[in-house]
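In case you want the letters, here they are:
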Amino acid sequence: MVGMACAETHRTMPIIETRDLRKVFRSLVRQPGVAGALRTLFSRHYEDKVAVQGITMSLDAGELVGYIGPNGAGKSTTIKMLTGILVPTSGMVRVAGLVPYEQRRRNARTIGVVFGQRSQLYWDLPLIESFELLRAIYGIPRERYRANLEHFTETLEMGPFLNTPVRQLSLGQRMRGDFAGAMLHDPQVVFLDEPTIGLDVVAKEAIRTFVARVNQERGTTFILTTHDLADVERLCRRIVLIDHGTLVYDGEIEALRDRYGTHRTLVVTFFDEEPEIRIEGAELESREGRVARLRFDRRTVSAEMLIRRVADRYRVIDVSIEEPELESIIRRIYLEGYTVA
Amino acid sequence: MSAELRLGPSFARSLGDLAAPYVAFAAKAFAREATYRMEVFTNLGSLFVRLYLMKAVWSALYAQNALPPSGIPLHSVLTYTCLALLMSLVLEIDGTRSIREKIREGTIATDLMKPISLPLYFFSDGAGMTMLHALLIVPALILSLTLVHIDVPPPAVLAAFGLSFLLGYLVNFTLNFLMNCSAFWTLEGFAVQLMVRWVSDLLSGQIVPLIFFPGLLQSIVLALPFAAIYSTPLLIYVGTIPPQNYARALALQVVWLVVFSVLSALVWRAAQRRVVVQGG
């Protein structure tokens, strides 16, 4: 495996640890047609589908890690094993010192889960009553409950809809409710599964700010599974990338950028409509009116040098530098695989 | 970990904590049921109509026969029928029905991420619903008294009836639980459920007292677990089961309860395994 260095430099006990974690689903092979269906009844032909094959990773308390992979990569299977509702086929898994599938209920007390696509609140009840129920479920001491509820109501601005039945809430309100619900019992680890899916920009930002804040103030460990890489860029320093059930990359996002983001784009707005733009060390990617996009390799030419060359030759109103998006980097890794530099 | 320590300073305290979620589930289910007011009234209406029909049928049957069948007089049959209807207000509540929905919609996984026992959750949810519907017994009883006369036995018999009713309720719960757990293996369990329901209605003695079944069939039907739900408490009430036979009757109910509880535990273990091994 690659990129484990940053986890190993810490000396504290990891809060989440997996070693060679594997999960193989076995299903009966079904044959088509009526005769096939009858044959299936007596058949002992099984098909093995490897969902997760040998994932080793380690998270320290207080980390906020993006767990990324395409659909079917084994993300939710891993999360299910970490939450104790799926037994691994082999390998080791430990969350806050517990083996989740052996101690499901104890593990449930130390974790919180937020699903963007599935509310854990009680549909028929006012939001506040869902919280009350969660207080009973987790046995949260009253003082602690009151303090947390007050805090979350304020930071998530839930005051106006605390007494509204969950089914009448907007998606943004419901998600805020779900976040508060998942955090009321002071979990050490919180799993976020597509937490901003379907939300508008403002609601997304509110959720991201909340996560960053809880992570900083309470030292809560977060594992963020999402297809919205803006979430990851905004929140995580470290990402774990998996594909086809194997770990492809584990390390800092910056390192990934350094490795893959060798090219930058210099966006220049000229004073005049320049008929011809030619700058040494950069290639013209596109131009639109007086705005031109110049792509350059930052290993061969520095941005400063390039800007000087542009300014020497043309009259310039504005310049900016664009980094490649994480998304395009990750797309490249899925296509080409990760290679060690 | 520290939370764990904070939660259980003393045994009594932690026992209270253990029970708290289930009490809360029952309370929420009670409140939820109370919001469906229309259903409550239609329930009462349908009960009244059914009782009226039953009275007409039994009275006509008894008028045709010179000798009462099985030696049970008309007023006992009417008492039996009326009480069976009142009991159905409570016994027809199936708290475990939500197992089906949870499996179909996949929410069973999120429930398993909570530090609770799901069978106990279903039980307390059902108990909460039951509690609300039990309140209906009072107006239903008053309504029924306008149609039929209900015999009132001595307190000792009433007590035995109460105990037997409670056992019947528990047997009914485990039976429903087992039936609904079939959804873990087959998603098309509704037809099965309906059939079991009908058979159970007939064989439990809810519609016709089981003592009207002829000879051998009667012995078989009385020995079946369904009889533990309606028949045993009701036959105690109307006196067909005399006090000297209480111990035997109640013991049989307990046996069924134990058998079904053990079976439920086994089935639940297998179901949970299925979820945790195959991912639901």
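Bear in mind that the values here come from a model prediction, so they are computed numbers and not experimental data.

What follows is about the overall build of chain A. Counting its secondary structure elements, chain A contains twelve helices and 13 strands. Considering only C-alpha atoms, chain A reaches an extent of 70 × 55 × 50 Å along its principal axes. Residue pairs at least 24 apart in sequence account for 72% of intrachain contacts in chain A once pairs closer than 6 positions are excluded.

Before going further, it helps to examine the pairing of strand β10 (residues 263-270) of chain A. Residue and element names in this part refer to chain A. Where β10 and strand β12 (residues 291-297) come together, seven bridges link them in antiparallel fashion. Residue pairing across strands places T269 opposite V291, the latter belonging to β12. The sheet contact formed by β10 and strand β13 (residues 316-322) spans six bridges and is antiparallel. Pairing of V267 across the sheet is with S320, part of β13.

On to the packing of helix α9 (residues 155-181) of chain B against helix α12 (residues 231-238) of chain B. Packed helix pairs are characterised by how far apart their axes lie and by the angle those axes make with each other. Residue and element names in this part refer to chain B. Between α9 and α12, the least distance of the axes is 8 Å, while the angle of their chain directions is 175°. Looking at the two axes, α9 sits roughly antiparallel to α12. Side by side, α9 and α12 meet where V157, A160, F161, S164, F165 and G168 of the first sit next to T232, P233, I236 and Y237 of the second. Its residues placed into classes, the contact of α9 with α12 shows seven nonpolar, three polar and no charged.

Next up on the list: the interface of chain B and chain A. Taken together, the 24 residues of chain B in the interface contact 28 residues of chain A. At the level of elements, α1 (2-7), α2 (11-34), α6 (108-112) and α13 (246-278) of chain B are the ones that each hand at least two residues to the side of chain B that touches chain A. Here the side of chain B that touches chain A gets six residues from one element, more than from any other, and that element is α2 of chain B. Classifying every residue of the side of chain B that touches chain A by side-chain character gives 14 nonpolar, four polar and six charged.

Looking at chain A as a whole, the pLDDT averages 86, with 94% of positions reaching at least 70. Here residues 1-11 of chain A is modelled with pLDDT under 50, and outside its nearest four sequence neighbours on either side it reaches 17 contacts, counting other chains as well.

All names here are of chain B. Of note, L85 is situated in helix α4 (residues 74-91). Residue class for L85 comes out partly exposed when judged on the 19 C-beta atoms lying within 10 Å of it. L85 sits 37 residues away from F48 along the chain, and the two C-alpha atoms are 9.3 Å apart. Ignoring any residue separated from it by four or fewer positions in sequence, one finds L85 in contact with L47, R50 and L51.

Here we take up the packing of α4 of chain B against helix α8 (residues 137-145) of chain B. Residues and elements named next belong to chain B. Put simply, α4 and α8 touch, their axes get as near as 10 Å, and they point 160° apart. Between α4 and α8, the crossing angle belongs to the class labelled roughly antiparallel. α8 is crossed by α4, and the crossing has right-handed handedness. Residues C82, L86 and L89 of α4 lie in contact with α8, whose contacting residues are I137, A140, L141 and S144. Residues belonging to the contact of α4 with α8 are distributed by class as follows: six nonpolar, one polar and no charged.

Within the largest apolar cluster, 94 residues are counted, with the highest numbers of intra-cluster contacts made by V65, V190, F191, L224, V232, V240 and L241 of chain A. The greatest single-element share of this core, amounting to six residues, is contributed by helix α5 (residues 127-138) of chain A. What L241 of chain A contacts, discounting residues up to four positions off in sequence, is I68, G69, V248, Y249, I330 and I333 of chain A. Of all hydrophobic cores here, the second largest spans 40 residues; its members include L91, A160, A227 and I241 of chain B.

Quick notes on the rules
Residues numbered from 1 in each chain as written. Chains lettered and ligands numbered in written order. Predicted model: local features only at pLDDT ≥ 70, side-chain atom pairs only at ≥ 80, totals over all residues. Helix = DSSP H or I, 4+ residues; strand = E, 2+ residues; numbered from the N terminus. Contact = placed C-beta atoms within 7 Å. Pairing = 2+ DSSP bridges. Axes fitted to C-alpha atoms, helices over the stretch in contact; angles between N-to-C directions. Parallel < 35°, antiparallel > 145°, perpendicular 65-115°, else oblique. Nonpolar A, V, L, I, M, F, W, Y, C, P; charged D, E, K, R; others polar. pLDDT = per-residue confidence, 0-100. Buried ≥ 20, exposed ≤ 12 C-beta atoms within 10 Å, placed from the backbone. Left-handed = near helix turned anticlockwise from the far one by under 90°. Core = buried A, V, L, I, M, F, W, Y, C linked by C-beta atoms within 7 Å.

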